[in-house]
Amino acid sequence: MTSIIDRKWQLFPIVTLIVTMALGLNYFKITLEKWVEASMTGYAQSLLSDITYEIEEDNPDFLTISIDDYIGHLTQASADQRITVIDPNGIVVGDSSLSARALSGLDNHGNRPEFNEAWENGTGKAIRYSQTQQVDLLYVAKKLYVSGNEYVIRLSLPLHLLGKMAQHLMAILVVLAVASVALLATSSYISNRQITARVQKEQGLQEERIAQRTYEIELLHRLANMLAACKSISEAQDVVADLIPRILGDINGSVAIMRSSRNILEVKLDWGQPWPAAHTYAPEECWSLRKGKFHLTHDDFHCISCAHMSAVGDDQTMCIPLTAHGNTIGMLHLYFGEPNVSVDQHTRQLAFTVAEHLGLALANLNMQEKLRFQAVSDPLTGLYNRRHFEEQLDMALLNAERDGEEMSLLMLDLDHFKRFNDNFGHDAGDYVLKTISNLLLEHASSNDIVCRLGGEELAIIVPNSNAEQALTYAKSICDKVRELHLEMKGLSLGRLGVSIGVAQAPTDTNDAEQLIKCADIALYDAKEQGRDRAIHYAKSLEQKKKAQLSSV
């Protein structure tokens, strides 16, 4: 239905032109006919004036001479220019084209309009079809006194000569009009085809752009949702490495996060090729941070590179601040791989939108990590608390059972810690706990989970370790603690010792509570055997059995 309406509107100019031309041609025809009539009338009246002038000069006596011979010899008389003399009664008394016998058979002309008009007004004119000559004739008449008698001299001219010329002219105009309409129709058709092709092409491009924008919006929406669901930086790395290249294309990028000290930014996320520029840098090394807005290395007004991008030389780079809740939490960096690459407005806008999502997501992730750490950590030592210890112990046991591996649990207790608090005060006790906690964190691997269960009681979950490895690890801790020389406010706190009980899963047990009890039993044995040592539950149990057998 729409296409039909469109075609009607496309034909509207042509139809309008045809109607306009038809009206114009009709008006021209009427005007031309009036012009032919006026021209012939003027010509005929001029001839008639010459005729009457000659007759007046000659003043012939039409009663005594042959009128036909007289008017037949006038220079104006010819086959196409017929002169007629009519008396007051309407009787034709002379005609340049008729014989005397023919005159006698003519009708009375008293009812002819040109005769009546000339008789009453002096001149007359009429146009009518002649049955005798079978053409349209123009009649002009004039009242004249000749030798004391009144007559009407009439001149008749055929209109077919000028009429044919007018018809030829009209035919030419009609042909020109038809040619113009045909040319217009052809040009309109060609133009319409071209316009339709261009419109279809533009519609196709527009649909592609809309599809691309829809795809980009969906990707941005998914990026925001996935980042909001991330629980760690490592998960965020997987998300940005997969989604951001789909949004920005083949552009190398990274995200640097501001440390809590706000004096160093460190690259935590990247995508594309390995990040070629600096991985850590000071805030003053980035023009974007100093300006508080994005910075493009090469634009229409400058070619200035950030100091932290010096490794890539003059290649095009772009830095965008990541802000959340009014604070700058990091930077988004883009590396285009070549100098003087033009970064169009659409790419910039996409990069700004990605920066907004990253800023909010990283701020929320940082807040979640802080809250999560506060929920699972001991505020004094920074170690994990008992709640997290219980959750991670269950998880470690499940993983060990699933993977068919071993895991170890170390229960630690500082020797004579109560007496230490009584002698040096609780501040010194807190200082000792922090120092021991830092030592354990430095000595632990990335997979070890160091916890404070309460007071001076500590625990370490050690995945993927057998009995021998766990015992060696525990003894090394005892050695490290023994080597400490603690001082507080210039006062020596003396040497410290730690007792450690080690239990093994699944060798000793595969139950969390039972594993803790086994490690506690080994810990008590270590204290009974003189403290400052590490004992494995299985070996302690074996020693007890041997002692019982020897006593028997």
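What counts as what
Residues numbered from 1 in each chain as written. Predicted model: local features only at pLDDT ≥ 70, side-chain atom pairs only at ≥ 80, totals over all residues. Heavy atoms only, no water. UniProt positions renumbered as here; feature names shortened; annotations may be inferred. Helix = DSSP H or I, 4+ residues; strand = E, 2+ residues; numbered from the N terminus. Salt bridge = Lys/Arg side-chain N within 4 Å of Asp/Glu carboxyl O. Buried < 20%, exposed > 50% of the residue type's maximum accessible area, 1.4 Å probe, protein only. Expected span 1.5 Å × (residues − 1). Arc of directions from axis to C-beta. Polar contact = N/O pair within 3.5 Å; in protein donor to acceptor, adjacent residues only side chain to side chain.

- Going by the annotation in an unreviewed UniProt entry, the name recorded for the chain is diguanylate cyclase, with Vibrio ulleungensis given as the source organism.
- Regarding the chain, the UniProt comment filed under Catalytic activity (unreviewed entry) reads as follows: "2 GTP = 3',3'-c-di-GMP + 2 diphosphate".

### A few points about the UniProt feature "transmembrane region" (unreviewed entry) in the chain
Point 1. With numbering aligned to this structure, UniProt lists the feature "transmembrane region" (unreviewed entry) at residues 12-30 and 169-190.
Point 2. In residues 169-190, the share of helix is 100% and the share of strand is 0%. The end C-alpha atoms are 31 Å apart.

### Things to note about the pattern of salt bridges
Point 1. Inspection of the entire model under this criterion finds 16 salt bridges.
Point 2. Between arginine 154 and glutamate 114 there is a salt bridge whose closest N-O contact spans 3.0 Å. Here the residue arginine 154 occupies a position in strand 5 (residues 149-158), and glutamate 114 occupies one in helix 4 (residues 113-121), the gap between them amounting to 40 residues. When sorted by exposure, arginine 154 lands in the same class as glutamate 114, which is buried.
Point 3. Of the charged contacts in the structure, one is a salt bridge between aspartate 532 and arginine 482, with a shortest N-O distance of 2.8 Å. Of this pair, aspartate 532 sits in the loop between helix 13 (512-528) and strand 18 (534-536) while arginine 482 is found in helix 12 (residues 467-482), placing the two residues 50 residues apart along the sequence.
Point 4. Residues participating in the shared-partner salt-bridge network are Glu114, Arg128 and Arg154.

### A short note on helix 12
Point 1. Its 16 residues place the ends of helix 12 23 Å apart at the C-alpha level, agreeing with the 22 Å of an ideal helix rising 1.5 Å per residue.
Point 2. Three or more residues of helix 12 are buried, namely Ala470, Leu471, Tyr473, Ala474, Ile477, Cys478 and Val481. Buried residues of helix 12 fall within an arc of 160° about the axis and therefore sit on the same side. Exposed side chains of helix 12 directed beyond 90 degrees from the buried face belong to Glu468 and Thr472.
Point 3. Here helix 12 starts with a cap whose side-chain oxygen sits 3.3 Å from the backbone nitrogen of glutamate 468, and that cap is asparagine 466.

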